[in-house]
Amino acid sequence: MKLKKIIDYVIESFSKSKNEILELNGIRAIAIILVMFHHSFLAYKFTNLLSIKADNYLLKFFFKILENGRIGVDIFFVLSGFLIGGQLLKEIKTTGTLNFKKFYFKRILRIFPAYYFALILVTIFFIEKISIKEIISHLFYLQNYWLNIYEITWSLAVEEQFYIFLPFLLFIFRKNFKNANCFCFAIFGLLIILPFYFRLLIFKNLHNIYDTQYISLKIFGAFHTRFDQLFIGVFIAFLYLNYQNLLINKYKIFYFLQFFLFIIFCFLIYYSGMNGSFYKIVLQFSLIGLVVGFFILSMLLTKTFFNKILSNNFFYFIAKISYPMYLYHYFSIWSIHKEDISLTNNEFLNFFIYLTAIFALSVLFALLSWLFIEYPFLKIKQKKCKFEC
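Model, not experiment: these values are computed from the prediction.

Let's talk about the overall build of the protein
In step 1: Along the protein, the regular secondary structure elements total 18 helices and 0 strands.
In step 2: Each of the three principal axes of the protein carries a C-alpha extent, and together these read 65 × 60 × 50 Å.
In step 3: Sequence-distant contacts in the protein: of pairs separated by 6 or more residues, those separated by 24 or more amount to 80%.
In step 4: Total accessible area on the protein stands at roughly 19900 Å², and carbon and sulfur atoms take up 68% of it.
In step 5: Where the 39 positive side-chain charges of the protein centre and where its 20 negative ones centre are 11 Å apart.

Below, the structure is given as structure tokens:
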């Protein structure tokens, strides 16, 4: 009887809701896989990578995906902007206002439990000493500007700062967004251009365009230089919400646009990076954001084989646990060492075994977190909002 209850609970936690856009789950799954494989690749530290890639273009592209898998975070930003911004814009359009209590209550129950539990585990098992300043920095999501003991949480800080800023901005201009007038395009234009301008200022004052540490701190991790991708997501939601009927009549254009954007995205992955050029330091964030954003829009307006691929059950499962996978995949990297699972004399094959082990353990950690931390709080959120929000 207990076993049946457990099985029913697991099945319930992965049940699909009516309003869920399955293709977005596929995009989210790809994003977390890219990030996790990227960090695993960096941790593995190949000894003869050049010889493995030599004269094999497929392997070269494969390793370029691993090297530049941080692009998964860019995808997350656009997705977050689309989903959260879309919810708020829809509320403004239907009610003319925003329920701040409901919004922040839902965000807190969705984000805080797994985040703070992960931080507790990090401080207990992986960090010897931690200062009060470091605790405050992570407690209030300031680690992208201040002290960061758990490196990957910088992106969560950027998103949390976005969640604080976005509702107030939309509320101030709620009449414009409710009527979807031309002023909205000016607002979005400004918000998308501003981070580009901030990155440009930093680039002009750079003494060394190969100083990865400085560039990472000042550009890659700062909210004011990264919120363009988040607002590109909001802009795409605005277009879809207000101009869906107009755009859907142009479905043939979006059908071909989807394939074109996919090809462009492959080039963007290949030529992405963290230093060395104006493109990598300033321009790539805007281009990646726009390509991902309009790919999402094209996917919502027309159906191609991309929709079928992105809607499969494997991607749905990974998407459901993507947040804890992001939080805990470093635990797997810290726990599994390549020396312990080097089973062959072929380094590429050993890396594949290592990658598989990292992925499997990360899924296990994420699944436990989803079932015992996130989903219980999700049920509370659903119950409370049904009667109170």
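As for the packing of aromatic side chains
In step 1: If you walk through the whole model with that rule in mind, you get 66 aromatic pairs.
In step 2: An aromatic cluster is built from Phe-41, Tyr-44, Phe-46, Phe-62, Phe-63, Phe-348, Phe-351 and Tyr-354, whose rings are joined through pairwise contacts.
In step 3: Residue placement shows Lys-64 over the ring face of Tyr-270; its charged tip is 5.4 Å from the ring centre.
In step 4: Positioned over the ring face of Tyr-44 is Lys-338, at 4.6 Å from the centre of the ring.

A look at the pattern of salt bridges
In step 1: Scanning the model with the defined rule gives 7 salt bridges in all.
In step 2: With its nearest N and O atoms 3.4 Å apart, the salt bridge here joins Glu-12 to Lys-379. Here Glu-12 is found in helix H1 (residues 2–13), whereas its partner Lys-379 is found in helix H18 (residues 347–387), with 367 residues between them in sequence.
In step 3: Put simply, Asp-74 and Arg-226 hold a salt bridge, and the shortest N to O gap is 3.3 Å. Separated by 152 residues along the polypeptide, Asp-74 in helix H5 (residues 71–95) and Arg-226 in helix H12 (residues 223–248) bring together distant segments of the chain.
In step 4: Taking the relative accessible area as the measure of exposure, Arg-226 reaches 2% and is therefore buried.

Digging into helix H16 (residues 313–320)
In step 1: If you check which residues of H16 are buried, you get Phe-315, Tyr-316, Ile-318, Ala-319 and Lys-320.
In step 2: Two to three positions downstream of the cap, the backbone nitrogen of Phe-314 sits 3.0 Å from a side-chain oxygen, assigning the N-cap of H16 to Asn-312.

Structural notes on the confidence of the model for the protein
In step 1: Mean pLDDT over the protein stands at 92; residues scoring 70 or higher make up 96%.
In step 2: Mean pLDDT values for the elements of the protein range from 65 in helix H3 (residues 49–53) up to 97 in helix H8 (residues 154–172).

Focus: the packing of H12 against helix H14 (residues 278–301)
In step 1: H14 packs onto H12 with a crossing angle of 25 degrees between their chain directions and a minimal axis gap of 9 Å. The angle between H12 and H14 places the two elements in the roughly parallel class. Between H12 and H14 the crossing geometry is right-handed. Across the interface between the two elements, Arg-226, Asp-228, Gln-229, Ile-232, Phe-235, Ile-236, Leu-239, Tyr-240, Gln-244, Leu-247 and Ile-248 of H12 pack against Phe-285, Ser-286, Ile-288, Gly-289, Leu-290, Gly-293, Phe-294, Leu-297, Leu-300 and Leu-301 of H14.
In step 2: Of the residues assigned to the contact of H12 with H14, the class counts are 14 nonpolar, 5 polar and 2 charged.

Analysis parameters
- Residues numbered from 1 in each chain as written.
- Predicted model: local features only at pLDDT ≥ 70, side-chain atom pairs only at ≥ 80, totals over all residues.
- Heavy atoms only, no water.
- Helix = DSSP H or I, 4+ residues; strand = E, 2+ residues; numbered from the N terminus.
- Contact = heavy atoms within 4.5 Å.
- Areas by Shrake-Rupley, 256 points an atom, 1.4 Å probe, with all protein chains shown as cover.
- Lys, Arg positive; Asp, Glu negative; His and termini not counted.
- Charge placed at Lys NZ, Arg CZ, Asp CG, Glu CD.
- Phe/Tyr/Trp six-rings, centres within 6.5 Å; stacked < 30°, edge-to-face > 60°.
- Lys NZ or Arg CZ within 6 Å of the ring centre and 35° of its normal.
- Salt bridge = Lys/Arg side-chain N within 4 Å of Asp/Glu carboxyl O.
- Buried < 20%, exposed > 50% of the residue type's maximum accessible area, 1.4 Å probe, protein only.
- Polar contact = N/O pair within 3.5 Å; in protein donor to acceptor, adjacent residues only side chain to side chain.
- pLDDT = per-residue confidence, 0-100.
- Axes fitted to C-alpha atoms, helices over the stretch in contact; angles between N-to-C directions.
- Parallel < 35°, antiparallel > 145°, perpendicular 65-115°, else oblique.
- Left-handed = near helix turned anticlockwise from the far one by under 90°.
- Nonpolar A, V, L, I, M, F, W, Y, C, P; charged D, E, K, R; others polar.

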